[in-house]
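Chain by chain, the residues:
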Amino acid sequence: MSDVVAAVGPIAPRPEPLLRVDGLWVTFGARPENKRDAVRNVDLRVESGEVIGLVGESGSGKSLTALAVMQLLPPGARATSGRIMFDGIDLLALKRRAMNERRGRDIAMIFQDPLTALNPTIPIGRQIYDCIRTHDDIGRQAGIARVEELLELVGIPHPHERARAYAHELSGGMRQRVMTALAIACRPKLLIADEPTTALDVTVQAQIMKMLDRIRRELGIAVLFISHNLDLVSEICDRTYVMYAGSIVESGAVETLFDAPRHPYTRQLLRCIPRLDWTVGPMSTIPGLPPRLGTLPPGCPFAPRCEAAEPRCSDEKPPIWREPASGSGHMAVCWRAA
Ligand SMILES: Nc1ncnc2c1ncn2[C@@H]1O[C@H](COP(=O)(O)OP(=O)(O)O)[C@@H](O)[C@H]1O
Ligand SMILES: [Mg+2]
C-alpha cells in the first residue's frame, strides 16, 4: 500500500477519487444508422496510489475506455456521454492544449508494444532526458542523474551504460521497462498500463508485474492495469473491474472476485486462466463469441454464452446488485447475483 493511501487509511478514502469516470459512452459512427457503441455507461474510480485492474476478453472495450481518459481515441470514435474527472478537473471539457499538458505530466500510458512508442534513432537515455526536460526545468547534470535513477527503478541493470542503447538493441521486456521509465519520468499521478505484458513470456511478465508494483510502492503512482488475464491482475491489484461487451459487469476487491465472484462471466473467465502445468490440455476458453458492436441482445449481453442463464436473462436487462452490508464496493450486473 502506498504512503498516500496508508496516511489516509483504507476506511476513510478521500472524498473525491483521483480518477472518476461516470456514465462513459464511446461510440463509433456519427449517423444513427451506423452508430455502434463500444463503451456503454462505464463507471470507474481510482483512488490516489491504488492499483486497479480492468479485465475482459479482447474486444470488450478496455483500451477504448483508457484511450477516452487519455483523450487519444482513434478516428471515428467519440466520447458521446459521461464525465471523466481527474484530480478535480473534467477532462472531457478541457481544451486540446490543456489536455496535452496533463498527458504525460499527470496521466501517462504504456502499451503492449513499446517499439511503437520509442524512437528508434535516439538512445533511450536521451529520450527519457528529453521527456523530463519538456515538463520540468531541470539542469543537465540533474537530468542525467534522474534518467539513471529511473532506469534503476524500472530494473534496468547498469543504467549508466544502458542509457546509450537504442530500442532495437533491447529485449522486449527491457523495452517495456524503458517505456515505463519514460511514462513515469514526470511523476504522473496515474499510470495506465494497457496489456503491458501480453507480448512477453511468462517469466518476463512476472518481472514486469514486480516492476509495476515497485513503482506504485516507491512513487505512490496509481496504476490502472488492463489485462485479459485475471490471474496477473490478482497479483498486484487492489480492486478490479470486469468488462464485457462494453459494460462493467462486475467489480470489487480482487480477493472477493476470486473467492466469491457473482457474475457467471467472471467465474467463466477465472476458468480460462492459463496454468503452468499444461498437462491437462489446451487452455479452456469461454464457448461462443462476444456480441458484435451494435447488435446487443435485449437482455443481458452475456446471456447467449452464460452457463447459468435463465429465460428472463435473454429478454430483460439485468439489475445492478450491490453487496449490501459492507462498504466493499462489490457489484455485479446479473439477475442471479443476489
Ligand atoms: N479504430 C477502431 N475502429 C473501429 N472499431 C474499433 C476501433 N478500435 C476498437 N474498435 C472496436 O471497439 C471494440 C472495443 O475495442 P477495444 O477497446 O480495443 O477492446 P479491448 O481493449 O477490450 O480488446 C471492439 O469491438 C473493436 O473492434
Ligand atoms: Mg485492448
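Residues numbered from 1 in each chain as written. Chains lettered and ligands numbered in written order. Predicted model: local features only at pLDDT ≥ 70, side-chain atom pairs only at ≥ 80, totals over all residues. Heavy atoms only, no water.

Section: the site of ligand 1
Around ligand 1 sit Phe28, Ala38, Glu57, Ser58, Gly59, Ser60, Gly61, Lys62, Ser63, Leu64, Pro74 and Leu293, and those are all the residues in its vicinity. Gly59 has a polar backbone atom sitting 2.6 Å from an oxygen atom of ligand 1. Measuring from an oxygen atom of ligand 1, one finds a side-chain N or O atom of Ser63 at 2.8 Å. In the complex, the protein chains occlude 65% of the 560 Å² of accessible area that ligand 1 would expose alone. The element that contributes the greatest number of residues to the shell around ligand 1 is helix H2 (residues 62–70), accounting for three residues. Its residues assigned to classes, the shell around ligand 1 comprises five nonpolar, five polar and two charged. (Near = heavy atom within 4 Å. Polar contact = N/O pair within 3.5 Å; in protein donor to acceptor, adjacent residues only side chain to side chain. Areas by Shrake-Rupley, 256 points an atom, 1.4 Å probe, with all protein chains shown as cover. Helix = DSSP H or I, 4+ residues; strand = E, 2+ residues; numbered from the N terminus. Nonpolar A, V, L, I, M, F, W, Y, C, P; charged D, E, K, R; others polar.)

Considerations on the sheet that holds strand S12 (residues 331–333)
Backbone-to-backbone hydrogen bonds pair the strands of a sheet. The strands run either parallel or antiparallel. The mixed open sheet is built from eight strands, whose spatial order is S6-S7-S8-S3-S9-S10-S12-S11. The sheet terminates laterally at strand S6 (107–110) and strand S11 (320–322), the two strands that pair on one side only. Across the sheet, the mean angle separating the axes of adjacent strands is 20° when strand polarity is ignored. Bridge count between strand S7 (residues 190–194) and strand S8 (residues 222–227): five bridges; the pairing is parallel. Among the inter-strand pairings, Leu190 is bridged to a residue of S8, identified as Ala222. Sheet contacts for H2: strand S3 (51–55), S6, S7, S8 and strand S9 (239–244); angle to S6, the most-contacted strand, approximately 145°. (Pairing = 2+ DSSP bridges. Axes fitted to C-alpha atoms, helices over the stretch in contact; angles between N-to-C directions. Contact = heavy atoms within 4.5 Å.)

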